[in-house]
Amino acid sequence: MTSFVYSQKPIRIERGEGPYLYGEDGTEYLDFGASYACVPLGHSHPAVTAAATDQLERLTYVQGSYPVAARDALTEGLSGLAPGDAEYVWLCNSGTEANEAALKFARSATGSTKFVATMQGFHGRTMGTLSTTWKKKYREPFEPLIEDVEFVPYGDAEALDEAVDEDTAGFIVEPIQGEGGINPGTKKYLRAAREITDEAGAALIADEVQTGLGRTGTLWATEHAGVTPDVTTSAKGLANGLPIGATMCKEWIAEGAGPHGSTFSGGPVVCAAADATLSVLEDEDVPAHAAETGEYLTSELDAALGDAVREIRGTGLMTGIEVKRGSNRVLRDLAIDHSVLALPAGRTVLRLLPPLTIEQEHVDRVVEAISATLTGETAETAGTTEATR
Ligand SMILES: *Cc1c(COP(=O)(O)O)cnc(C)c1O
């Protein structure tokens, strides 16, 4: 049997600790992608490992219809942290599932069918969420998808106002587009989105799968705009590396939600890991640390890169660097020549989503590596391939 779908990188990883990954050959890599933002507290965080291990030994799994302490603790913890007055949560196993549920609940709660989504937006790859994901390459081979979706330019409140009407179930939007190139939504735009959806009786669905959990310097990115969505979704880093997703809903959505389910929903081990993750995020005020370190990162990048790049954008520790050549080539050079791992966001953007617990020394090392790579100080490399993820 051969595993497929993902192309395999030429680096085999054996273990991880904090911001570092270690190859089988002993090489230490600085993971400035936090493995797709899935380890906000760094790799193999001891508090999360302890909580998950303890739960594994006591009870690995029981069906979701039996109350268990680990799930109760997580839902209670979340109710203190969820955006605005979202008091209801559906737990699942991934970002696409969290968004899939959001779309279903928005339809059943509003009785409307249409969705509005944004150009360059990314919400997942199951058939429902894929319908609201912009990139043609991801969608076309699987069409027909949900046809009642209208894409509007990201950041354009007027276009949004025109698209959202009384037949709209929901507008799904990332507060900062991740996969689409690190495009921040302005406060004004997000506030307009709140007003427009309110007026039409449609659900505002904030996809915080990538922006949430302190990454942008506040626990949820919509906090910057003072906007409370009807539904907020989380996943990726919520259990610091174990698979989980959450759909947090206001009452009117939860009350109108149709039947839904998933066997592993709210399993005790991931709940214990997520509860431990949230505790560390809160106790150590990790979002504030991310805000501070993010500012340092941006100013150091600005100073070091100058004209070598087209633009540096983002908030907190969600940073995009628009480069002047293919991002995959730059990423390869960073990994091979400097043992620094980062991510692409489209063909020309380097995406930095480091663990939120990094310190200035890690920033310094990465800025130096990126600077050396982009200003051409490294040796010419040959045989580049169009590697994906
Ligand atoms: C990663 C991501 C998803 C999909 O999450 P999966 O766990 O891969 O299904 C959805 N929305 C956003 C904004 C993401 O970054």
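Please refer to the structure higher up on the page.
Quick caveat: nothing in here was measured; it's all calculated off a predicted structure. (Residues numbered from 1 in each chain as written. Predicted model: local features only at pLDDT ≥ 70, side-chain atom pairs only at ≥ 80, totals over all residues. Heavy atoms only, no water.)

1. Thoughts on the site of the ligand
Here is step 1 of the chain: Close contacts around the ligand come from Ser94, Gly95, Thr96, Asn99, Phe122, His123, Gly124, Glu174, Asp207, Val209, Gln210 and Lys236, and that covers them all.
Here is step 2 of the chain: Between the ligand and Gly95 there is a distance of 2.8 Å, counted from an oxygen atom to a backbone nitrogen or oxygen.
Here is step 3 of the chain: The separation between an oxygen atom of the ligand and a polar side-chain atom of Gln210 is 2.7 Å.
Here is step 4 of the chain: Taking 380 Å² as the accessible area of the ligand by itself, protein coverage stands at 81%.
Here is step 5 of the chain: Ranked by residue count, the leading element in the shell around the ligand is helix α4 (residues 95–110), at 3 residues. (Near = heavy atom within 4 Å. Polar contact = N/O pair within 3.5 Å; in protein donor to acceptor, adjacent residues only side chain to side chain. Areas by Shrake-Rupley, 256 points an atom, 1.4 Å probe, with all protein chains shown as cover. Helix = DSSP H or I, 4+ residues; strand = E, 2+ residues; numbered from the N terminus.)

2. Details of the sheet that holds strand β4 (residues 88–92)
Here is step 1 of the chain: Taken in spatial order, the 7 strands make up an open sheet running β4-β12-β11-β10-β7-β5-β6, and their pairing is mixed. Taken across any chain shown, the strands that pair with only one partner, and hence form the sheet edges, are β4 and β6 (149–152). Across the sheet, the mean angle from the axis of one strand to that of its neighbour is 20 degrees, orientation sign disregarded.
Here is step 2 of the chain: Sheet topology note: the β4/strand β12 (residues 245–249) ladder contains 5 bridges and is antiparallel. From the neighbouring strand, Cys92 faces β12, where its bridge partner is Gly245. (Pairing = 2+ DSSP bridges. Axes fitted to C-alpha atoms, helices over the stretch in contact; angles between N-to-C directions.)

3. Topic: the side chain of Ser265
Here is step 1 of the chain: Mapped onto the elements of the fold, Ser265 is located in the loop between α9 (251–256) and α10 (268–283).
Here is step 2 of the chain: There is a polar contact of 2.6 Å between the side chain of Ser265 and the backbone oxygen of Leu91.
Here is step 3 of the chain: Setting aside residues up to four positions removed in sequence, Ser265 forms contacts with Gly64, Arg71, Trp90, Leu91 and Asn93. (Contact = heavy atoms within 4.5 Å.)

4. Quick word on helix α11 (residues 286–305)
For an α-helix, the turn length of 3.6 residues means that residues three or four places apart are oriented alike.
Here is step 1 of the chain: Here α11 contains 20 residues, and its C-alpha end-to-end distance of 27 Å stays within 8% of the 28 Å for a straight helix at 1.5 Å per residue.
Here is step 2 of the chain: Just downstream of α11 lies Gly306, where phi reads positive at about 45 degrees. (Expected span 1.5 Å × (residues − 1).)

5. Regarding the side chain of Asp207
Here is step 1 of the chain: By the secondary structure assignment, Asp207 is in strand β10 (residues 203–207).
Here is step 2 of the chain: Look at Asp207: it is buried, it has no salt bridge, and the nearest opposite charge is Lys236 at 7.3 Å.
Here is step 3 of the chain: Separated by 2.8 Å, the side chains of Asp207 and His123 make a polar contact.
Here is step 4 of the chain: Apart from the residues lying within four places of it in its own chain, the contact partners of Asp207 are Asn99, Phe122, His123, Ile172, Val173, Glu174, Pro175 and Thr233. (Buried < 20%, exposed > 50% of the residue type's maximum accessible area, 1.4 Å probe, protein only. Lys, Arg positive; Asp, Glu negative; His and termini not counted. Salt bridge = Lys/Arg side-chain N within 4 Å of Asp/Glu carboxyl O.)

6. Description of helix α13 (residues 360–374)
Here is step 1 of the chain: The terminal C-alpha atoms of α13 lie 21 Å apart, and with 15 residues this matches the ideal 21 Å at 1.5 Å per residue to within 8%.
Here is step 2 of the chain: Inspection of α13 places His362, Val363, Val366, Val367, Ala369, Ile370, Ser371, Ala372, Thr373 and Leu374 among the buried residues, and these make up the whole buried set.
Here is step 3 of the chain: Backbone geometry just downstream of α13 places Gly376 in the positive-phi region, at approximately 75 degrees.

7. Observations regarding the pattern of salt bridges
Here is step 1 of the chain: Applying the stated rule across the entire model yields 13 salt bridges.
Here is step 2 of the chain: Arg139 serves as the salt-bridge partner of Glu143, at 3.8 Å between the closest nitrogen and oxygen.
Here is step 3 of the chain: Relative accessible area serves as the criterion here: at 12%, Arg139 is assigned to the buried category.
Here is step 4 of the chain: Residue Glu311 pairs with Arg313 through a salt bridge whose shortest N-O separation is 2.7 Å.
Here is step 5 of the chain: A relative accessible area of 14% places Arg313 in the buried class.

8. Focus: the nonpolar core
Here is step 1 of the chain: Counting residues in each nonpolar core, the largest one holds 58 residues, and the members touching the most others are Leu301, Ile321 and Ile370.
Here is step 2 of the chain: Looking at which element gives the most residues to this core, the answer is α10, with 10 residues.
Here is step 3 of the chain: Ranked by size, the runner-up nonpolar core spans 19 residues in total, among them Ala98, Ala106, Ile172 and Ala203. (Core = buried A, V, L, I, M, F, W, Y, C linked by side-chain atoms within 4.5 Å.)

9. A word on a negative patch on the surface
Here is step 1 of the chain: Negative charge collects at one region of the surface, where Asp156, Glu158, Asp161, Glu162, Glu195 and Glu199 lie side by side.
Here is step 2 of the chain: Elements that contribute at least two residues to the negative patch include exactly α7 (157–163) and α8 (187–200).
Here is step 3 of the chain: When residues of the negative patch are assigned to their parent elements, the largest contribution, 3 residues, is made by α7. (Patch = residues over 30% accessible without salt bridge, like charges linked within 9 Å, V, L, I, M, F, W, Y side chains within 5 Å. Charge placed at Lys NZ, Arg CZ, Asp CG, Glu CD.)

10. Re the sheet that holds strand β16 (residues 343–344)
Here is step 1 of the chain: Pairing within the open sheet is antiparallel, and its 4 strands lie in the order β13-β14-β17-β16. For this open sheet the edge positions go to β13 (311–315) and β16, each flanked by a neighbour on one side alone.
Here is step 2 of the chain: In the sheet, β16 pairs with strand β17 (residues 349–352) via 2 bridges, with the strands oriented antiparallel. Within β17, the position partnered with Leu343 by the bridge is Arg351.
Here is step 3 of the chain: Packing against the sheet, helix α12 (residues 327–338) makes contact with β16 and β17, and its axis sits at approximately 50 degrees to β17.

11. Re the packing of aromatic side chains
Here is step 1 of the chain: Here the structure, examined in full by the defined rule, presents 5 aromatic pairs.
Here is step 2 of the chain: Relative to Tyr22, the ring of Tyr20 lies with its centre 6.4 Å away and its plane at 45 degrees, an arrangement referred to as tilted. Assigned by exposure class, Tyr20 and Tyr22 land together as buried.
Here is step 3 of the chain: Here Phe122 and Tyr138 contribute two aromatic rings whose centre-to-centre distance is 5.9 Å and whose plane-to-plane angle is 80 degrees, an arrangement assigned as edge-to-face. Here Phe122 is found in the loop between β5 (114–118) and α5 (127–130), whereas its partner Tyr138 is found in helix α6 (residues 136–139), with 16 residues between them in sequence. Comparing Phe122 with Tyr138 shows no difference in burial state: the two are buried.
Here is step 4 of the chain: Note that Arg15 overlies the ring of Tyr22, its terminal NZ or CZ placed 4.1 Å from the centroid.
Here is step 5 of the chain: Sitting above the plane of the Tyr138 ring, Arg125 keeps its charged end 4.1 Å from the centroid. (Phe/Tyr/Trp six-rings, centres within 6.5 Å; stacked < 30°, edge-to-face > 60°. Lys NZ or Arg CZ within 6 Å of the ring centre and 35° of its normal.)

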